[in-house]
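A closer look at the structure
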Amino acid sequence: MPERVEPCLAQLQSKPPVGDDWAFEVKWDGYRLAVHIAGKRVRIITRGGHDWTNRFPTIAHDALELGLDSAILDGEAVVLDERGAADFGALQKALGGRGGKRFASEARLYAFDLLYLNGHDLRERPLSERREMLADVLAVQRHGSIGLSEEVNADGAPFLKLACELDLEGIIAKRRSAPYRSGRGGEWVKIKCIQTESFAIIGYEPSPIALGGIGRLLLAAHKGGELVYVGGVGTGFTHASGMALRKQIDNRTIDKPALTMPGRKRTYRWIKPELIAEIAFRGWTEDGKLRHASYKGLRDEADQAVVFEMI
């Protein structure tokens, strides 16, 4: 069994694909994890290759309860809100924030692929076969913390419309006939209701009345190998996230901005572009700034967050 498998990643598209070979699932808003089972040992590995077994004890325990000799499950760990929707902020809070040491015993893993089972590498088999085997594996334990990310029997366009009406992040489409390929090869695509991307924090605008004293974060994306300013975000903070963010920022202050900032205010405070924020937004302005941005949380280094690349 391989020690680690680089995950298959979904390409972003504006519209759902059409055709009988495409299967659709909900896009979960959490942490991508691979669960490795080998005898009586379980390892839970992040997208970036970090071992987070201790941070998801319930999932690790329930993985052993599946009674498998060996397996690799691919899925997304989430914490659900009162509506049953994934809440990324709640998951981060459970884990103690970026770099936190807490564990999320209430987290649930929605498994959507099976890469290895009882001595057999399944990656060359079509997704439809891997899914059938995954459903059989998970049927043993229907009430644990590991569940199947269900395929939805619907065409992509109406399913996306429903997902957006329910305030979900979006949907995923996958080719049923495709093998498992690491990287972003086009066999999986994502279609989002609200755009969410990762941006580097380059500074902030202080406020005496805002949570954590942060009135607005200043954000940047990659373009042509350099960081470019894409506007700011001043909503989405809670008292806890605002205070935690301020602690992270205070350790990274610098005298000058990390990029060219024409017309900058004297009140701005600058930091090293090391913190990566997950931002929800509604689109872009004509001059390349985020529209209706809202802060969701800091991405963890172990999650291998990538700063958004502008074309």
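Report on the accompanying structure. In this text the structure is predicted, and so the values were computed from the model without any measurement.

1. Description of the overall build of the chain
When helices and strands are tallied, the chain shows five helices and 19 strands. Computed over the C-alpha atoms, the radius of gyration of the chain is 20 Å, within 12% of the 19 Å expected from 2.2 N^0.38 for a compact globule of 311 residues. For the chain, with 311 residues in total, the buried portion stands at 50%. Restricting the contact set of the chain to residue pairs at least 6 apart, pairs at least 24 apart contribute 68%. Only carbon and sulfur atoms are counted for the fraction: they give 49% of the accessible area of the chain, which is about 15400 Å². Charged side chains of the chain number 44 positive and 42 negative; the gap between the two group centres comes to 7 Å.

2. Notes on the sheet that holds strand E1 (residues 11–12)
Read across the open sheet, the four strands follow the order E1-E10-E9-E2; overall the sheet is mixed. Because the sheet does not close on itself, it has two edges, and the strands there are E1 and strand E2 (22–26). When E2 meets strand E9 (residues 170–175), the two strands line up antiparallel, connected through five bridges. Its bridge partner lying in E9, Val26 is registered against Ile171. Strands E2, E9 and strand E10 (188–192) of the sheet are contacted by helix H4 (residues 156–165), whose axis makes an angle of about 155 degrees with E9.

3. Here's the deal with the nonpolar core
Most often, soluble globular proteins have nonpolar side chains that are buried together. Val35, Ile37, Phe56, Ile59, Leu73, Leu138 and Ile146 are the most contacted members of the largest nonpolar core, which totals 33 residues. If you list the elements that add at least two residues to this core, you get strand E3 (31–38), strand E4 (41–46), helix H1 (57–64), strand E5 (70–78), helix H2 (88–95), strand E6 (108–117), helix H3 (127–138) and strand E8 (146–148). With sequence-adjacent residues up to four places away left out, Leu73 is seen in contact with Leu33, Ala34, Val35, Ile37, Leu66, Ala111, Asp113, Leu114, Leu134, Leu138 and Ile146. In this structure, Ile201, Ile214, Leu245 and Ala293 belong to the second largest nonpolar core, which totals 23 residues.

4. Looking at the environment of Leu211
Turning to its location among the elements, Leu211 is positioned in the loop between strand E11 (195–206) and strand E12 (214–223). Here Leu211 is in contact with Phe237, Thr238, His239 and Gly242, once residues within four sequence places are set aside.

5. What to know about the state of the cysteines
Taken as a whole, this structure holds one disulfide when the rule is applied. Between the sulfur atoms of Cys164 and its disulfide partner Cys193 the distance amounts to 2.2 Å. The sign of the -95 degrees torsion about the S-S bond sets the Cys164-Cys193 disulfide as left-handed. Within this pair, whereas Cys164 is found in helix H4, its partner Cys193 is found in the loop between E10 and E11, the two being separated by 29 residues in sequence.

6. A short note on the side chain of Lys174
For Lys174, the location among the structural elements is in strand E9. Of note is the side chain of Lys174, whose polar atom sits 3.0 Å from the side chain of Glu25. Non-local contacts of Lys174, meaning those with residues more than four positions away in its chain, are made with Asp21, Trp22, Ala23, Glu25, Phe112, Leu127, Glu187 and Trp188.

7. Observations regarding the pattern of salt bridges
For the structure on display, the rule yields 20 salt bridges. The residue Glu25 makes a salt bridge to Lys174 at a minimum N-O spacing of 3.0 Å. Taken together, the residues span a long stretch of sequence, with Glu25 in strand E2 and Lys174 in strand E9 at a distance of 149 residues. Judged by its relative accessible area of 3%, Glu25 falls in the buried class. With a shortest N-O distance of 3.8 Å, Glu197 and Lys192 are connected by a salt bridge. Just as Glu197 is buried, Lys192 falls in that class too. One continuous salt-bridge network, built from bridges that share partners, spans Glu25, Arg131, Glu151, Lys174 and Arg176.

8. Focus on H4
Here H4 has its buried residues at Gly156, Phe159, Leu160 and Ala163. Buried residues of H4 fall within an arc of 100 degrees about the axis and therefore sit on the same side. Along H4, the residues that are exposed and aim more than 90 degrees away from the buried face are Ala157, Lys161 and Glu165. Elements in contact with the buried residues of H4: E2, E9 and E10. Backbone geometry just after H4 places Asp167 at a positive phi near 60 degrees.

Rules of the game
- Residues numbered from 1 in each chain as written.
- Predicted model: local features only at pLDDT ≥ 70, side-chain atom pairs only at ≥ 80, totals over all residues.
- Heavy atoms only, no water.
- Helix = DSSP H or I, 4+ residues; strand = E, 2+ residues; numbered from the N terminus.
- Rg over C-alpha atoms; globule rule 2.2 N^0.38 Å.
- Buried < 20%, exposed > 50% of the residue type's maximum accessible area, 1.4 Å probe, protein only.
- Contact = heavy atoms within 4.5 Å.
- Areas by Shrake-Rupley, 256 points an atom, 1.4 Å probe, with all protein chains shown as cover.
- Lys, Arg positive; Asp, Glu negative; His and termini not counted.
- Charge placed at Lys NZ, Arg CZ, Asp CG, Glu CD.
- Pairing = 2+ DSSP bridges.
- Axes fitted to C-alpha atoms, helices over the stretch in contact; angles between N-to-C directions.
- Core = buried A, V, L, I, M, F, W, Y, C linked by side-chain atoms within 4.5 Å.
- Disulfide = S-S within 2.5 Å.
- Polar contact = N/O pair within 3.5 Å; in protein donor to acceptor, adjacent residues only side chain to side chain.
- Salt bridge = Lys/Arg side-chain N within 4 Å of Asp/Glu carboxyl O.
- Arc of directions from axis to C-beta.

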